[in-house]
Amino acid sequence: MATKKIEIVVSPKPAHFVGDGFRVHNFIPGVPGLDMKRMDPFIMLDYNSKFHFNGSDRPRGVGVHPHRGFETVTIAYSGKVEHHDSAGGGGVIGEGDVQWMTAAKGVLHKEYHETEWAKEGGIFQMVQLWVNLPAKDKMSCPKYQAIENSKMERVDLGENGYIEVIAGEYDGHKGPASTFTPVHMMNAKLKAGGKAEFNFPAHFNTAALVIEGSIIINEEEAVKADHFALFKNEGETFTIEAKQDAVVLIISGEPINEPIYPHGPFVMNSREEIMQAFEDFNTGKFGYLED
C-alpha cells in the first residue's frame, strides 16, 4: 500500500468564544484549504484547547439554538458538559465521553458546563465536529447517541499505548457510534516513543488533530500540540509516532459529494431548503426547549 502523505499542517487560529462557555479555535471551515467541500463529510471543527474557567454559580455555555441537516459530535477531553435538545436527547458528558447528536430534520439544542463542575471550575478541553448528512437523510428523525468512554472499543498496542475507536474501525475493531456514511473517528493515546499505523481509503478525507504532546507523522513531519494535519487524497497508510506522551484525534470520512449550502446552524443542499428551514424554525416545527 502507498503512503498517505501530509498536505498541510495548520497552526491554531486566534481563539473566539461560542456563547460564554466555549473558547475555540476554528479549523473547519475557517482555514484556507479546510473548506467544507475539501473536508466533506466534516463540515465544521471547533477545538476548545486547554482553558481554565473559574468557578461560577451560573453555568457558562450556549443557550437554545437550532440545527438541521447534519450531526454534532462533541468529544470531551477535560471538563464536563450538560446538554438538552427538543427531541428529548440530553445528559452529561464527562472526560473521555462523546455526545453524538443527529439534528437531521431539526432540533433545538443547548449546551453548557455541568452544574457541579461549573461551581468548581477547572481545565476545559473539547472538540466539536459537524458531520454532514446525505440529502436522503437530512430530513430523517433526530436521534441521540451518548457514548461513554467505557463503551468505546479499545485496541491495545502494548507498550505503544492504545487506540479508542469512537466510530468506524481500527484494525478490525469497530467503534460504538452508528453513522449514515462511512466515517472513522478515534483517539490515538500513545506513550512516548509509541507508534501506530493507520489505513484508510485514498479518497477518504483524513486528518489528525494533536490534542496532547507532539508527534511525528510518516517519520518525517513533526506536528505539535493544538495543530491540525491534513492528509493528501492519495495513498492509504500512514504512521504516527509520539515524541512524548500524546493524544491524537484521527478523523477519516468518505466524501458525500453533494451540493453543500450552509447558512448559520443549517446545512442543506440548496438555498430553497435553507429558506424552508428558517420557515420551519420560525413556525415552531423544531419543537420547544426552555432556555
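What counts and how
- Residues numbered from 1 in each chain as written.
- Predicted model: local features only at pLDDT ≥ 70, side-chain atom pairs only at ≥ 80, totals over all residues.
- Heavy atoms only, no water.
- Helix = DSSP H or I, 4+ residues; strand = E, 2+ residues; numbered from the N terminus.
- Contact = heavy atoms within 4.5 Å.
- Areas by Shrake-Rupley, 256 points an atom, 1.4 Å probe, with all protein chains shown as cover.
- Lys, Arg positive; Asp, Glu negative; His and termini not counted.
- Charge placed at Lys NZ, Arg CZ, Asp CG, Glu CD.
- Phe/Tyr/Trp six-rings, centres within 6.5 Å; stacked < 30°, edge-to-face > 60°.
- Buried < 20%, exposed > 50% of the residue type's maximum accessible area, 1.4 Å probe, protein only.
- Core = buried A, V, L, I, M, F, W, Y, C linked by side-chain atoms within 4.5 Å.
- Pairing = 2+ DSSP bridges.
- Axes fitted to C-alpha atoms, helices over the stretch in contact; angles between N-to-C directions.

Q: Quick rundown of the overall build of the protein chain? Include the residues and the values.
A: Counting secondary structure elements, the protein chain contains three helices and 26 strands. With the C-alpha coordinates aligned to their principal axes, the bounding extent of the protein chain is approximately 55 × 45 × 35 Å. Put simply, 73% of the contacts in the protein chain that link residues at least 6 apart link residues at least 24 apart. Of the roughly 12400 Å² that the protein chain leaves accessible, carbon and sulfur atoms contribute 48%. One way to put it: in the protein chain the 28 positive side-chain charges average out to a point 2 Å from where the 41 negative ones average out.

Q: So, the packing of aromatic side chains: which residues are in play, and what are the values?
A: Summed over the entire model, instances satisfying the criterion amount to 15 aromatic pairs. With 4.9 Å between their ring centres and 75 degrees between their planes, Phe51 and Phe53 make a pair best called edge-to-face. Classification of Phe51 as partly exposed rests on a relative accessible area of 25%. Between Phe198 and Phe238, the ring centres sit 5.2 Å apart and the planes meet at 15 degrees, which makes this aromatic pair stacked.

Q: Explain the nonpolar core residue by residue, including any values.
A: Counting residues in each nonpolar core, the largest one holds 32 residues, and the members touching the most others are Leu45, Val127, Met185 and Phe228. Setting aside residues up to four positions removed in sequence, Val127 forms contacts with Leu45, Asp46, Tyr47, Val73, Thr74, Ile75, Tyr77, Leu209, Ile211 and Leu249.

Q: I'd love a proper account of unusual backbone geometry, names of residues and values included.
A: In this structure, Pro29 follows Ile28 across a cis peptide bond, with omega equal to 0 degrees. Inspection of the secondary structure puts Pro29 in the loop between β3 (22-28) and α1 (36-39). A cis amide bond links Asp40 with the next residue in sequence, Pro41, at an omega value of 15 degrees. Tracing the backbone through its elements, the reader meets Pro41 in the loop between α1 and β4 (42-54). Within the chain, Asp171 stands out as a residue other than glycine whose phi angle is a positive 50 degrees. You can see Asp171 is positioned in the loop between β15 (169-170) and β16 (173-174). Residue Asp226 is not a glycine yet carries a positive backbone phi of 70 degrees. Within the secondary structure, Asp226 is located in the loop between β21 (221-223) and β22 (228-231).

Q: Explain the environment of Ile240 to me, and be specific about the residues and the numbers.
A: Following the sequence through the fold, Ile240 ends up in strand β23 (residues 237-242). Spatially, the C-alpha atoms of Ile240 and Glu219 are 7.7 Å apart, while their sequence positions differ by 21 residues. The residues contacting Ile240, other than those within four sequence positions of it, are Leu190, Gly194, Lys195, Ala196, Phe198, Ile215, Ile216, Ile217, Val248 and Ile250.

Q: Outline the sheet that holds strand β10 (residues 107-113), supporting the account with residue identities and numerical values.
A: The four strands are arranged β5-β10-β7-β8 in an open sheet whose pairing can be described as antiparallel. The sheet is open, and its two edges are formed by β5 (61-67) and β8 (90-93), each paired on a single side. Mean inter-strand twist for the sheet, computed between neighbouring axes without regard to direction, equals 15 degrees. Where strand β7 (residues 81-85) lies against β8, four bridges are found, and the strand directions are antiparallel. The residue bridging His84 from the neighbouring strand is Gly90, located in β8.

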